[in-house]
Amino acid sequence: MANLSNQLTELFVGANQLSGTIPQGFGNFVNLIRLGLEVNSFSGIIPRDFGKLPNLQGLRLNQNDLSGQIVSTLCNNTNLFFLDLSFNQFEGGNIFDNVLMNCQNLQYLDISQNNFTGIISPQFLQTHSSLMYMKMGENSFSGSLPSEIGKLIHLVDFNVSHNQLAGGMPISLADCADLATLFMQSNFFQGTIPPNLA
């Protein structure tokens, strides 16, 4: 595929029976805009050279057997607005500050069904107001749900179910005026439901 490195803009091989590790070399596809490797049996880690795709806007790696920590270079792709890493075995703490902070244009983020730990970063919420879909269910996130969630004024779908979050439900959720789907079950939230959510 080396001969395609300067002309390939979209590559979709999802929903096949592909296995093994994701090979190095994707960084050569400098004009790649969308990459879909979802619903296969890929294992191992995300190659570091995924961070060399300056035009990448959409990346789907969901429903594989990928593991390890997310490479910090992944969000060198400042154009990335769609990222789906769900249903894998990824791990690591504070993925928001350590990896995702540089993905400044994210609109769709799905990291559900992995082994992530740490807190939901207030700074990440503060600086990513473009997010419309944020799905983090079935991980091991802890701490409270920051009041900065209200900064996501375009948020439509928010899922933090099946984690280890605690504390109260922030009243700032009501600032997410477009919110249509909210999943917070199976955590340790306490107190009352803010009346302004009604």
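What counts and how
Residues numbered from 1 in each chain as written. Predicted model: local features only at pLDDT ≥ 70, side-chain atom pairs only at ≥ 80, totals over all residues. Heavy atoms only, no water. Helix = DSSP H or I, 4+ residues; strand = E, 2+ residues; numbered from the N terminus. Buried < 20%, exposed > 50% of the residue type's maximum accessible area, 1.4 Å probe, protein only. Disulfide = S-S within 2.5 Å. Salt bridge = Lys/Arg side-chain N within 4 Å of Asp/Glu carboxyl O. Phe/Tyr/Trp six-rings, centres within 6.5 Å; stacked < 30°, edge-to-face > 60°. Pairing = 2+ DSSP bridges. Axes fitted to C-alpha atoms, helices over the stretch in contact; angles between N-to-C directions.

A. Looking closely at unusual backbone geometry. Positioned with a positive phi, alanine 15 is a non-glycine residue whose angle comes to about 55 degrees. If you trace the backbone, alanine 15 turns up in the loop between strand 1 (10-12) and strand 2 (19-21). Here glutamate 138, not a glycine, exhibits a phi torsion of approximately 60 degrees, which is positive. Here glutamate 138 is to be found in the loop between strand 11 (133-135) and strand 12 (140-144). The exposure class assigned to glutamate 138 is partly exposed, which follows from its relative accessible area of 36%.

B. Region of interest: the state of the cysteines. Applying the stated criterion across every chain yields a total of one disulfide. Here cysteine 75 pairs with cysteine 103 through a disulfide, and the sulfurs are 1.7 Å apart. One disulfide, between cysteine 75 and cysteine 103, carries an S-S torsion of -90 degrees and so falls in the left-handed class. Residue cysteine 75 is found in the loop between strand 6 (65-69) and strand 7 (82-84), and its partner cysteine 103 is found in the loop between helix 1 (95-98) and strand 9 (108-110); the two are separated by 28 residues along the sequence.

C. Region of the structure containing the pattern of salt bridges. Tallying each qualifying case throughout the model produces two salt bridges. The partner of arginine 34 in a salt bridge is glutamate 10, and the shortest N-O contact between them spans 2.7 Å. Of the two residues, arginine 34 is situated in strand 3 (residues 34-36) and glutamate 10 in strand 1; the sequence distance between them amounts to 24 residues. Of the residues examined, arginine 34 reaches a relative accessible area of 32% and is grouped as partly exposed.

D. Looking closely at the packing of aromatic side chains. Scanning the entire structure with this criterion turns up seven aromatic pairs. A ring pair is formed by phenylalanine 26 and phenylalanine 50, whose centres lie 5.5 Å apart and whose planes are at 70 degrees; its orientation type is edge-to-face. Of the two residues, phenylalanine 26 sits in the loop between strand 2 and strand 3 while phenylalanine 50 sits in the loop between strand 4 (41-44) and strand 5 (58-60), which places them 24 residues apart along the sequence. Take phenylalanine 26 and phenylalanine 50: they sit in the same class, and that class is buried. Seen in terms of ring centroids, phenylalanine 96 and phenylalanine 124 are 5.0 Å apart; in terms of plane orientation they differ by 50 degrees. Their pairing is tilted. Here phenylalanine 96 is found in helix 1, whereas its partner phenylalanine 124 is found in helix 2 (residues 122-127), with 28 residues between them in sequence. Accessibility assignment for this pair places phenylalanine 96 and phenylalanine 124 in one class, buried. The structure contains a cluster of three or more aromatic residues connected by ring pairs, namely Phe96, Phe116, Phe124 and Phe141.

E. The sheet that holds strand 14 (residues 164-167), seen in detail. Reading across the sheet, the eight strands line up as 2-4-6-8-10-12-14-16 and stay open at both edges, with parallel pairing between neighbours. Pairing within the sheet leaves two strands with one partner each, and these edge strands are strand 2 and strand 16 (188-189). Both strand 2 and strand 4 contribute to a ladder of three bridges, which runs parallel. Its bridge partner lying in strand 4, glycine 20 is registered against phenylalanine 42.

F. Spatial organisation of the sheet that holds strand 3. Spatially, 1-3-5-7-9-11-13-15 is the arrangement adopted by the eight strands of the open sheet, whose pairing is parallel. If you trace the sheet from one side to the other, it starts and ends with strand 1 and strand 15 (181-183), each paired once. Direction aside, the axes of adjacent strands within the sheet are offset by 10 degrees on average. In the sheet, strand 3 pairs with strand 5 via three bridges, with the strands oriented parallel. Each residue of the ladder has a partner; that of glycine 36, found in strand 5, is arginine 60.

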